[in-house]
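Single-letter residue listing:
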Amino acid sequence: MGLWKNFKSSPINTVARWQDQRFLWLVMFVAMLGMVLLAHSFFQNYLHMAPCEQCVYIRFSMLIMALGGLIAAINPKNLINKLIGYVFGFYGALIGIGYSVKLRAIHKAVHSDDPFAMMGMQGCSTDPSFPFGLPLAEWAPDWFKPTGDCGYDAPVIPDDVTLSSIQEFFTNLYSEGWYLIPSMKFADMATCTLLAYVVAFVLLAVMFICWIINLLKAKKA
């Protein structure tokens, strides 16, 4: 109740104080790292959903945001740590939005009844090009080497693999592709990642603005 009262009475000061604590930065770290681990460990390795080029780029952007959250959480009151957290957070969110928008357009095109839907649209490559020339596909191929096609995110079961009953349940659930609600084909993966990035960007922007306003008030005082 105390936190809510403080927020109602002085929202800018309250948000500015919150980011001087580790909690918000750890939320960014855990959320982004958790989504990468879920994609790799569960969907890729357990359900045999091969990652596409845009998928590994999305993983990269999420890890950038997670790293920013971790660095800021070490000492959020330190100016350098906080600035690194913001730079990494904003950068990861912005490039992630770009990757998600492109993947969403490809997904829509490949599932369209229009035979010309893919015209003028760049497809996916198995030779990714990460920002700053990072050879992540060579350093960690299981995490960053694309082995699937963009827009096709249904499980592909190897011939020599015998699925458990739980694996069969989930592979059947996602047999027509990954959706937040598979039975309704509601919200494909690209849409969900796009929403996650937009929410993260907006929250970071609110935090940053409140922080700057608080700094300016402190200088005037």
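Note that this is a predicted model, so its numbers are computed, not measured.

Visitor: Would you take a moment to explain the overall build of the protein chain for this structure?
Guide: A count of helices and strands for the protein chain gives nine helices and two strands. Ordered by position in the sequence, the α and β elements of the protein chain form the string α-α-α-α-α-α-α-α-β-β-α. Along the longest, intermediate and shortest principal axes, the C-alpha atoms of the protein chain span 70 × 40 × 35 Å. Residue burial in the protein chain is summarised as follows: out of 221 residues, 37% are buried. Sequence-distant contacts in the protein chain: of pairs separated by 6 or more residues, those separated by 24 or more amount to 73%.

Visitor: What should I look at first to understand the UniProt feature "transmembrane region" (unreviewed entry) in the protein chain in this one?
Guide: Using the residue numbers shown here, the UniProt feature "transmembrane region" (unreviewed entry) corresponds to residues 23-43, 55-74, 80-101 and 194-216. Overall, residues 55-74 shows 100% helix and 0% strand. The separation of its end C-alpha atoms is 29 Å. When the span residues 80-101 is considered, its composition is 100% helix and 0% strand, and the gap between its end C-alpha atoms is 32 Å.

Visitor: So what exactly am I meant to see when it comes to the nonpolar core here?
Guide: General note: in soluble globular proteins, nonpolar side chains tend to be found buried as a group. With 36 residues, the main nonpolar core has Trp25 and Met65 as its most contacted residues. Contributions of two or more residues to this core are made by α3 (22-46), α4 (53-74), α5 (79-110) and α9 (189-220). Those residues within four positions of Trp25 in sequence are excluded, and the remaining contacts are Gln19, Gly69, Ala72, Ala73, Pro76, Lys82, Gly85, Tyr86, Leu204 and Met207. In this structure, Phe43, Leu47, Tyr174 and Trp178 belong to the second largest nonpolar core, which totals five residues.

Visitor: I'm lost on the pattern of salt bridges in this one. Help?
Guide: A side chain of one charge can pair with a side chain of the opposite charge if their charged atoms are brought near each other. Inspection of every chain in the model, using the stated rule, returns two salt bridges. Linking Lys82 and Asp20 is a salt bridge whose minimum nitrogen-to-oxygen distance equals 2.4 Å. One end of the pair, Lys82, is in helix α5; the other, Asp20, is in the loop between α2 (11-18) and α3, and 62 residues separate them in sequence. Among the ionic pairs, Glu176 bridges to Lys185, the shortest N-O distance being 2.8 Å.

Visitor: Before we go on, may I ask you to explain the side chain of Asp153 in this structure?
Guide: Mapped onto the elements, Asp153 comes out in the loop between α7 (141-144) and α8 (165-173). A distance of 3.1 Å separates a polar side-chain atom of Asp153 from the backbone nitrogen of Trp178. Not counting the four nearest positions on each side in its chain, Asp153 is found in contact with Met49, His107, Gly177, Trp178 and Met189.

Visitor: Would you mind showing me how to read a nonpolar patch on the surface here?
Guide: Residues Leu180, Ile181, Met184 and Phe186 make up a contiguous nonpolar surface patch of roughly 410 Å² in combined accessible area. Note that Ile181 resides in strand β1 (residues 179-181).

Visitor: When you look at the state of the cysteines in this model, what are you seeing that I'm missing?
Guide: Tallying each qualifying case throughout the model produces one disulfide. Covalent S-S linkage joins Cys124 and Cys150, the inter-sulfur distance amounting to 1.4 Å. One quick way to see it: the torsion about the S-S bond of Cys124 and Cys150 is about -90°, and its sign makes the bridge left-handed. You can see Cys124 sitting in the loop between α5 and α6 (136-139) and its partner Cys150 sitting in the loop between α7 and α8, a full 26 residues away along the chain. Here Cys124 falls in the partly exposed class, since its relative accessible area comes to 30%.

The rules we used
Residues numbered from 1 in each chain as written. Predicted model: local features only at pLDDT ≥ 70, side-chain atom pairs only at ≥ 80, totals over all residues. Heavy atoms only, no water. Helix = DSSP H or I, 4+ residues; strand = E, 2+ residues; numbered from the N terminus. Buried < 20%, exposed > 50% of the residue type's maximum accessible area, 1.4 Å probe, protein only. Contact = heavy atoms within 4.5 Å. UniProt positions renumbered as here; feature names shortened; annotations may be inferred. Core = buried A, V, L, I, M, F, W, Y, C linked by side-chain atoms within 4.5 Å. Salt bridge = Lys/Arg side-chain N within 4 Å of Asp/Glu carboxyl O. Polar contact = N/O pair within 3.5 Å; in protein donor to acceptor, adjacent residues only side chain to side chain. Patch = residues over 30% accessible without salt bridge, like charges linked within 9 Å, V, L, I, M, F, W, Y side chains within 5 Å. Areas by Shrake-Rupley, 256 points an atom, 1.4 Å probe, with all protein chains shown as cover. Disulfide = S-S within 2.5 Å.

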